[in-house]
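The residues making up each chain are set out below.
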Amino acid sequence: MRKRSVWLLVAIAALALNLRPPFTAAGALLPDIAAGLGMSPGLAGLLPTLPVVCLGVFALAATSIRRRWGDEGVVAVCLPLLVLGSLLRAGPGTVTLFGGTIVVGAAVGIANVTLPALIKREYPGSVTLVTSLYTVFLTLGSSLAAALAVPLMRAAGGSWRVPLIALAGLALLAGLVWLPFLRRGRAVAPGSGVSAVRLLRSPLAWQVTAFMGLQSLLAYVVFGWLPTIAQDRGMAATAAGLVLSVSTLVQALGAMALPLLAGRRADQRVLGVSLLAVSALGLLGVFLAPLSWMWVAAVVLGFGMGALFGLALSVIGLRASDAAVASRLSAMAQAVGYLVAATGPLLVGLLHQISGGWTLSMWLLLAVCLFGALAALGAGRPLRIGAESTVRRSGERSVG
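Residues numbered from 1 in each chain as written. Predicted model: local features only at pLDDT ≥ 70, side-chain atom pairs only at ≥ 80, totals over all residues. Heavy atoms only, no water.

The name given to the chain in an unreviewed UniProt entry is MFS transporter, CP family, cyanate transporter, and the organism recorded there is Actinopolyspora alba.

If you want it as structure tokens, here you go:
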């Protein structure tokens, strides 16, 4: 492998490490942030939801930025926004906190879209493998931030602003790694010319979008509610937080296992359905298994969801005929997908409030797994969007 390709892998990993800590660190610090700023429970509850909405809304901006400045140009926009947003969130009041959260959400939403296109462009024969690497570092960043935010706050004398400022430093380090590529930005190739209208008319594009959105919904429900569910079932608060950390950490193992599970097959239908079945099994364990099995259920759930997330990102590249289509498909899948995902924590909270228990929420999540499996049967087909209708040597057919 050429030196440039190896260094680009390092750069992708460095960027991935920065794309989840702004959310998971803020989640871990939420009680202290709310107390420090005198926020009401309702206002504090918006803080975890707002970034997910931003991921969907700002994903739409990525394609136009990429068209003008290329994939590296998108990264050149995102990293300064990450630094600025992290510093703003450490500001004096709720206005800077929420303003910074929007800026961070915009940066991550735009970066999320361009990474599948960049991987498709630079590693067309290793989309699943490189996407797996990217997903591993995403989940590692998420888990480390959740685990280290509170200890860092305590080491800083109880200031919740210090961990947020530290995230700005992490983004600056990623910028140094990316600097050689940002200075030699590449123009975007013309691509296949698949228009947004044509993409919106493609059943395959909507199946990929549904798969992305439904697995993301499961993930954000787990991020937001797993500790509460564990506490309601009888676990201590500290142990309940560790359950989430363990589940999140195991997601990295699921992402690492994805290339072995997927192999070099062009068809990912069986794999997608199987991973959703594993996730459903983990959810059943969380809600129904004896409390002593909660840790096992968290591991099963984390493995399934980690591999699912990697697969959802992989099919964006695998179903696209080139990097231009991958960028448009990524924007569509993540814009719609994250807006769908944002409804998950709200619906689960509403069902819990109405029923006073978790049974309705469990059935909702199992239904999401079922519909996700149906989406996987479409998204995992060996088809490609945006090329001529020919049968390729890889066994993949092309569709409009």
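A. Spotlight on the pattern of salt bridges. What the rule picks out here adds up to four salt bridges. Linking Glu72 and Arg121 is a salt bridge whose minimum nitrogen-to-oxygen distance equals 2.8 Å. Of this pair, Glu72 sits in helix α3 (residues 41-89) while Arg121 is found in helix α4 (residues 94-122), placing the two residues 49 residues apart along the sequence. One continuous salt-bridge network, built from bridges that share partners, spans Arg4, Glu72, Arg121 and Glu122. (Salt bridge = Lys/Arg side-chain N within 4 Å of Asp/Glu carboxyl O. Helix = DSSP H or I, 4+ residues; strand = E, 2+ residues; numbered from the N terminus.)

B. Spatial organisation of the confidence of the model for the chain. Looking at the chain as a whole, the pLDDT averages 85, with 92% of positions reaching at least 70. Confidence, read as mean pLDDT per element, is least for strand β2 (residues 397-399) in the chain (58) and greatest for helix α13 (residues 359-379) (96). Low pLDDT, under 50, characterises residues 388-395; the stretch is placed with 12 contacts to residues that sit more than four places away or in other chains. (pLDDT = per-residue confidence, 0-100. Contact = heavy atoms within 4.5 Å.)

C. Spatial organisation of the state of the cysteines. With the rule as written, the count across this model stands at zero disulfides. Cysteine Cys54 is unpaired, with the sulfur of Cys78 as its nearest cysteine sulfur at 13 Å. What makes Cys54 buried here is its relative accessible area of 4%. (Disulfide = S-S within 2.5 Å. Buried < 20%, exposed > 50% of the residue type's maximum accessible area, 1.4 Å probe, protein only.)

D. Quick peek at the layout of surface pockets. One number sums up the size of the largest pocket: a volume of about 1,500 Å³. If you trace the largest pocket, you find 45 residues lining it, with Gly27, Ala28, Phe223, Gly224 and Leu244 closest to the centre. Counting only elements with at least two residues in the lining of the largest pocket, the list comes to α2 (21-37), α3, α5 (127-155), α8 (203-232), α9 (237-262) and α12 (323-355). It is α2 that provides the largest number of residues to the lining of the largest pocket, a total of nine residues. Grouping the constituent residues of the lining of the largest pocket by class yields 26 nonpolar, 15 polar and four charged. Taken domain by domain, the makeup of the lining of the largest pocket includes at least three residues from each of domain 1 (1-182) and domain 2 (197-384). (1 Å grid on protein atoms, 1.4 Å probe; cavity = no way out; pocket = protein on both sides within 12 Å on 5 of 7 lines; lining within 4 Å. Points joined across faces, edges and corners; volume = space filled by probe spheres on them. Nonpolar A, V, L, I, M, F, W, Y, C, P; charged D, E, K, R; others polar. Domains from an automatic or database assignment.)

E. Here's a closer look at the nonpolar core. Counting residues in hydrophobic clusters, the biggest one holds 106 residues, and the most contacted among them are Ile12, Tyr134, Trp178 and Phe211. Broken down by element, the residue count for this core peaks at 15 residues, all from α8. Counting the residues that make up this core, at least three belong to each of domain 1 (1-182) and domain 2 (197-384). Those residues within four positions of Ile12 in sequence are excluded, and the remaining contacts are Leu115, Leu118, Ile119, Tyr123, Val130, Tyr134 and Trp178. By size, the runner-up hydrophobic cluster in this structure holds 19 residues, among which are Ile33, Ala34, Phe98 and Met153. (Core = buried A, V, L, I, M, F, W, Y, C linked by side-chain atoms within 4.5 Å.)

F. Spotlight on a nonpolar patch on the surface. On the surface, Leu170, Leu173, Leu176 and Leu179 cluster together into a nonpolar patch covering about 360 Å² of accessible area. Relative to the helices and strands, Leu176 is located in helix α6 (residues 161-183). For Leu176, a relative accessible area of 58% puts it in the exposed group. (Patch = residues over 30% accessible without salt bridge, like charges linked within 9 Å, V, L, I, M, F, W, Y side chains within 5 Å. Areas by Shrake-Rupley, 256 points an atom, 1.4 Å probe, with all protein chains shown as cover.)

G. View of the domain arrangement of the chain. Partitioning the chain into domains gives domain 1 (1-182) and domain 2 (197-384). Computed from C-alpha coordinates alone, the two centres of domain 1 and domain 2 are separated by 20 Å. Facing the 31 residues of domain 1 at the interface are 38 residues of domain 2. Carbon and sulfur atoms make up 70% of the surface buried where domain 1 meets domain 2, a total of about 2,800 Å² over both sides. In this assembly, domain 1 and domain 2 are joined by zero salt bridges. Broken down by element, the residue count for the side of domain 1 that touches domain 2 peaks at 13 residues, all from α5. (Buried area = accessible area lost by both parts, 1.4 Å probe.)

H. Looking closely at empty space enclosed by the protein. Applying the stated rule across the entire model yields three cavities of 30 Å³ or more. Its volume calculated, the largest cavity comes out at about 170 Å³. Around the largest cavity sit 13 residues that line it, and Arg20, Ala219, Phe223, Gln251 and Phe309 are the ones nearest its centre. Taken together, the elements giving at least two residues each to the lining of the largest cavity come down to α5, α8 and α11 (294-318). Here the lining of the largest cavity takes five residues from α8, the largest share from any one element. The two domains that each donate at least three residues to the lining of the largest cavity are domain 1 (1-182) and domain 2 (197-384). Considered as a void within the structure, the second largest cavity measures approximately 60 Å³ in volume. The set of elements that each furnish at least two residues to the lining of the second largest cavity consists of α8 and α10 (269-288). The greatest single-element share of the lining of the second largest cavity, amounting to five residues, is contributed by α8. Counted by class, the lining of the second largest cavity contains 10 nonpolar, no polar and no charged residues.

I. How the structure looks around α12. Look at α12: 47 Å from first C-alpha to last across 33 residues, which is about the 48 Å you get at 1.5 Å a residue. The distance from a side-chain oxygen at the start of α12 to the backbone nitrogen of Val325 is 2.9 Å, and the residue carrying that oxygen is Asp322. In the segment just after α12, Gly356 is the residue with positive phi, at about 75 degrees. (Expected span 1.5 Å × (residues − 1). Polar contact = N/O pair within 3.5 Å; in protein donor to acceptor, adjacent residues only side chain to side chain.)

J. Expanded view of the packing of α2 against α5. In contact at an axis separation of 7 Å, α2 and α5 are set at 35 degrees when each is read in the N-to-C sense. The crossing of α2 and α5 is right-handed. Here Pro21, Thr24, Ala25, Ala28, Leu29 and Asp32 of α2 lie close against α5, whose contacting residues are Gly141, Ser142, Ala145, Ala146, Ala149, Val150 and Met153. (Axes fitted to C-alpha atoms, helices over the stretch in contact; angles between N-to-C directions. Left-handed = near helix turned anticlockwise from the far one by under 90°.)

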